[in-house]
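Notes for the structure review
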Amino acid sequence: KVPEVPKFESTEDEKEKIKSCWCYGSVCTGWVLFLFSVVSIIMIVVFLSMRGDPDCHELSDSESEEEESTTIDIEHSPPTDDEHLLRIVSRNEWGAKPELNEPVHLHLPTKRVILSHTATDNCTNLVECIKIVKDLQKFHMDTHGWDDIGYNYLVGGDGSAYEGRGWEKQGAHTKNYNVNAIGIAFIGTFNKVTPPEEQLRAFRNLIQWGIDTKKLDEMYKLFGHRQFSPTSSPGQVLYDIIKKWPHWSENIN
């Protein structure tokens, strides 16, 4: 005969203790999971915000040197503020593709500046502006079959000037008028929107730099793209602005 296994019955107090311990453990586990989730979300937000802000990244020594070498004081004396500083973002900095063929050189100093807008989104920081400039070069080369980006320079809403073909090479910005003109484009669309002051100032400083370095004639004439082609460029708002500037000319001849 097999002996019976004794049965142990829990008292009511023991049952309550077990129930309390189980509930306490569940609550603790829930709080731990909640706190872990909150900390994880905070870390992800901080990481993404640092990725989106180029100022959060430390520059290497070579990048720091590049920054210094492309910041130009157009008045050749220590400025008291940023009014007379122009940052040039070189082709190397924005990741330009190499030009396809040997460029045609302009006769310097150039006597004409033709202003366009890119008819793209506007940009307000280095990352946004670089993306648009790279997309424009790809479009000009892959779709139009040009040797390079069409403009000599572009100016962004971040207050920087982006090197296209530069001062010395003939651009592809205005049909039949590339041979004797510098083409500068405002990044963005300005049919109804006014360019920010940083962008207007970058253009003025770029022009002054061209004059100081003898790339641009000090008596140059300024035109809007629409004066040579059936286009709205550089946008009605921007065109109304440049028409008030002293070098703007109504006569394209």
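Labelled according to an unreviewed UniProt entry, the protein chain appears under the name Putative peptidoglycan recognition protein lc, originating from Nyssomyia neivai. Listed in UniProt under the heading Sequence similarities (unreviewed entry), the comment for the protein chain reads: "Belongs to the N-acetylmuramoyl-L-alanine amidase 2 family."

Ranked by size, the top nonpolar core spans 29 residues in total, and within it Val113, Leu115, Ile184, Phe186, Phe203, Leu206 and Ile207 carry the most contacts. Element by element, the count of residues in this core is highest for helix α5 (residues 197-212), at 7 residues. Once you skip the residues sitting within four places of it in the chain, Ile184 turns out to touch Val113, Ile114, Leu115, Ser116, Tyr153, Phe203, Leu206 and Ile207. In this structure, Trp94, Val133, Tyr151 and Ala185 belong to the second largest nonpolar core, which totals 14 residues.

Side chains carrying opposite charge are able to pair once their charged atoms draw close together. Going through the model one piece at a time under the given rule, you end up with 9 salt bridges. Its salt-bridge partner being Arg91, residue Asp148 comes within 2.9 Å of it at the nearest N-O pair. With a gap of 57 residues between them, Asp148 in the loop between α4 (126-142) and β4 (153-155) and Arg91 in helix α3 (residues 91-94) connect regions that are remote in the sequence. The two residues Asp148 and Arg91 agree in class, both being buried. Note that Lys138 is salt-bridged to Asp142, the shortest N-O span being 3.0 Å. Within this pair, Lys138 and its partner Asp142 are both found in helix α4, separated by 4 residues, close to a single helical turn. For Lys138, a relative accessible area of 44% puts it in the partly exposed group. For Asp142, a relative accessible area of 47% gives the class partly exposed. Taken together, the shared-partner salt bridges connect Lys97, Lys138 and Asp142 into one network.

Position of Gly224 relative to the elements: it lies in strand β7 (residues 216-224). Separated by 12 residues in sequence, Gly224 and Gln236 have C-alpha atoms that sit 10.0 Å apart. For Gly224, the residues in contact, after removing those within four places along its chain, are Ile114, Leu115, Ser233, Pro234, Tyr239, Ile242 and Trp248.

Within strand β3 (residues 110-117), 7 of the 8 residues are buried, leaving the element largely enclosed by the surrounding structure. Bridge analysis of β3 against β7 gives 5 bridges, and the strand direction is parallel. Counted as the bridge partner of Leu115 is Gly224 from β7. In this structure, β3 lies alongside strand β6 (residues 182-186), joined through 5 bridges in parallel fashion. Bridge pairing links Val113 to Ile182 in β6.

Considering the arrangement of structural elements, one finds His173 in the loop between β5 (160-163) and β6. By relative accessible area, which is 8% here, His173 ends up buried. A polar contact of 3.5 Å, which involves the side chain of His173, links it to the backbone oxygen of Ala181. Excluding anything up to four places from it in sequence, His173 contacts Ile114, Gly150, Tyr151, Asn152, Asn178, Ala181, Ile182, Gly183 and His225.

The next thing to look at is the packing of aromatic side chains. This model, assessed by the stated rule, comprises 9 aromatic pairs. Here Tyr177 and Phe228 contribute two aromatic rings whose centre-to-centre distance is 4.5 Å and whose plane-to-plane angle is 55°, an arrangement assigned as tilted. Pair noted here: Tyr177 is in the loop between β5 and β6 and Phe228 is in the loop between β7 and α6 (236-242), with a separation of 51 residues, a long-range link. For the ring pair Phe223 and Phe228, a centre distance of 5.3 Å and an interplane angle of 75° mean the geometry is edge-to-face. The residues Phe223 and Phe228 share a single accessibility class, namely buried. Taken together, Phe186, Phe190, Phe203 and Trp245 form an aromatic cluster joined through their ring pairs.

Here is what the cut-offs are and how they apply
- Residues numbered from 1 in each chain as written.
- Predicted model: local features only at pLDDT ≥ 70, side-chain atom pairs only at ≥ 80, totals over all residues.
- Heavy atoms only, no water.
- UniProt positions renumbered as here; feature names shortened; annotations may be inferred.
- Core = buried A, V, L, I, M, F, W, Y, C linked by side-chain atoms within 4.5 Å.
- Buried < 20%, exposed > 50% of the residue type's maximum accessible area, 1.4 Å probe, protein only.
- Helix = DSSP H or I, 4+ residues; strand = E, 2+ residues; numbered from the N terminus.
- Contact = heavy atoms within 4.5 Å.
- Salt bridge = Lys/Arg side-chain N within 4 Å of Asp/Glu carboxyl O.
- Pairing = 2+ DSSP bridges.
- Polar contact = N/O pair within 3.5 Å; in protein donor to acceptor, adjacent residues only side chain to side chain.
- Phe/Tyr/Trp six-rings, centres within 6.5 Å; stacked < 30°, edge-to-face > 60°.

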